[in-house]
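Fold and contact review
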Amino acid sequence: MKRTSRFALSTLVGLLMLSLLGCGASAKFRLSFDVPKPVITPLPLRMASYYPPQLETYVYEEEIANFGNFRIDMTGAHKTLFSTVFDSLFNQYTEIEQFKDVPANFHGIIAPVVQEVQITLPQQTRSDYYEVWIRYQLQLWDTSGRLVHTWSLPAYGKANKKNYNTIRKIATQALHDATEFALRDAAASMSFYFAKEPQVQAWIDELTGVSS
Amino acid sequence: MMSRSITLITLVALFATTGCVSSTIQQVRQGETGILGDEAVAILGRRHNNRDETRRSFVKCVSERTATGSQAMSVIQDQEFLDALFPWFEPRTAPLQLNELGRLVSRPEVSDRINEIGVRYIVWIEGTTERRDQAGTLQCAVASGGIPACFGFLSWEGAADYEATIWDITKNANVGKLSSEATGVSFVPAVIVPLPFIARVQASACSTLADQIKTFITG
């Protein structure tokens with residue numbers, strides 16, 4: 001009886017040590033993302049958006065030497081982000097499957113793609129933060145098929161490891177939150193800076209008849 | 001006999017886990033305050049600083065304590081406020097200075113939303129909890145008989161240093177600044193079983209700051 005309880009105790013301690021050694025390493029998860037509707041005044045534009053399959057089903061995967069495998073399935077998240085922002089940003093907004101489907105009275109089409117995703121771990125940067133960078137490329141087309149402007153939209157999110165009390169799966173939870181914050185940052189930037197891109201501003205002025 | 005001793009040690013460990021904490025509070029009043037029954041306070045953590053982001057758990061603790069107990073007031077929690085006014089209070093876009101708040105509130109869509117949720121005051125919380133002056137060592141091992149045991153002595157000083165800046169949205173004024181500093185020494189002596197005596201500095205700073213916020217705003 002005594003030997004059995006000692007064995008059980010040793011096994012428990014061993015398992016605890018193993019779980020501590022394993023913490024903070026690999027993370028694999030599917031991003032669950034929702035973004036609030038931006039509180040902004042819509043631009044006087046009728047716009048369509050085209051979401052390529054790359055954006056809709058984007059999965060980030062990386063093996064980081066000494067730290068393990070990381071996989072963030074962002075399926076649906078980027079589309080949720082852009083469609084929510086565009087719905088508030090434009091007077092009238094619709095999604096299209098192909099460019100030729102754009103309604104006749106619309107002003108243009110906007111097409112985002114994910115250009116790059118990067119993550120860093122606290123162990124790499126010697127900080128308290130899990131960090132995520134996302135770079136989108138956006139293209140604005142008018143309805144005649146002319147490319148008006150192409151620009152980059154960088155976004156950044158971070159999550160403090162001290163905000164997570166659980167011993168295990170800190171990396172999964174923190175990277176999930178950092179990715180979510182990066183997407184919120186992208187939504188904020190899009191809401192603020194879309195009309196401030198000089199070429200976009202000139203195009204809007206042209207459409208609305210504002211002389212420079 | 002041995003199991004009785006372990007039970008006794010465990011009970012001592014459970015009851016004697018709180019170290020001493022000393023707190024210092026300060027306040028600077030720059031304007032008159034007061035709050036009506038239908039007005040609320042939004043308590044937010046500063047996130048623009050990459051090095052010392054205010055911990056979420058601290059902001060949540062202050063919000064919950066401000067919303068309960070004597071002089072309790074209606075509090076809108078950090079995330080709820082950020083979502084209600086998205087994207088104006090995100091880390092990259094939140095107003096850092098009062099004049100930026102003035103410009104923000106002059107936008108009709110923003111002021112309408114603020115009126116809708118009934119926020120009168122924004123309380124910005126900044127600060128950190130740090131562990132410093134750590135000394136001693138504590139080692140745990142599984143002995144050959146299979147019994148885990150720890151030996152040593154560990155001590156450190158915990159310091160929670162937080163500041164709350166209070167903005168009155170209706171007056172577009174910075175009405176005051178409060179600070180709460182709590183320090184305490186924690187120690188863990190271990191002879192087979194470790195006995196932690198933890199100075200709960202963050203909890204102490206949270207309760208004193210929340211009480212200060214309530215007293216300050218109600219005038």
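Overview of the structure. None of these values were measured; they are calculated from a predicted model. (Residues numbered from 1 in each chain as written. Chains lettered and ligands numbered in written order. Predicted model: local features only at pLDDT ≥ 70, side-chain atom pairs only at ≥ 80, totals over all residues.)

**Topic: the sheet that holds strand 1 (residues 21-29) of chain B**
All names here are of chain B. Ordered by their spatial adjacency, six strands build an open sheet running 1-6-5-4-2-3, and the pairing between neighbours is mixed. Two strands bound the open sheet, and with one partner strand each, they are strand 1 and strand 3 (75-76). Pairing of strand 5 (residues 148-168) with strand 6 (residues 173-194) involves 19 bridges; the strand directions are antiparallel. Across the sheet, Trp-156 pairs through a bridge with Ser-186, a residue of strand 6. Seen against the sheet, helix 6 (residues 201-218) touches strand 1, strand 2 (40-45), strand 4 (119-142), strand 5 and strand 6 and runs at an angle of roughly 160° to strand 6. (Pairing = 2+ DSSP bridges. Helix = DSSP H or I, 4+ residues; strand = E, 2+ residues; numbered from the N terminus. Contact = placed C-beta atoms within 7 Å. Axes fitted to C-alpha atoms, helices over the stretch in contact; angles between N-to-C directions.)

**As for the nonpolar core**
Counting residues in hydrophobic clusters, the biggest one holds 49 residues, and the most contacted among them are Leu175(A) and Ala186(A). Those elements that provide at least two residues to this core are strand 2 (43-50), strand 4 (68-73), helix 3 (77-89), strand 6 (108-120), strand 7 (129-142), strand 8 (147-160), helix 5 (170-193) and helix 6 (198-208) of chain A. Counting residues in hydrophobic clusters, the runner-up holds 40 residues, among them Leu44(B), Phe86(B), Ala160(B) and Ile217(B). (Core = buried A, V, L, I, M, F, W, Y, C linked by C-beta atoms within 7 Å. Buried ≥ 20, exposed ≤ 12 C-beta atoms within 10 Å, placed from the backbone.)

**Things to note about the interface of chain B and chain A**
Listed as interface residues are 20 residues of chain B and, on the opposing side, 19 residues of chain A. Only helix 2 (56-66) and helix 5 (108-117) of chain B provide two or more residues apiece to the side of chain B that touches chain A. With three residues, the single largest contributor to the side of chain B that touches chain A is helix 5 of chain B. A class-by-class count of the residues in the side of chain B that touches chain A yields eight nonpolar, four polar and eight charged. (Nonpolar A, V, L, I, M, F, W, Y, C, P; charged D, E, K, R; others polar.)

**Examining the sheet that holds strand 8 of chain A**
All names here are of chain A. Strand order in this open sheet of five strands is 5-2-6-7-8, and the pairing throughout is mixed. The strands lining the two open edges of the sheet, one partner per strand, are strand 5 (90-96) and strand 8. Between one strand and the next, the sheet's axes are offset by a mean angle of 30°, whatever the strand orientation. Where strand 2 lies against strand 5, six bridges are found, and the strand directions are parallel. Paired with Leu-43 across the two strands is Phe-90, which belongs to strand 5. Seen against the sheet, helix 5 touches strand 6, strand 7 and strand 8 and runs at an angle of roughly 145° to strand 8.

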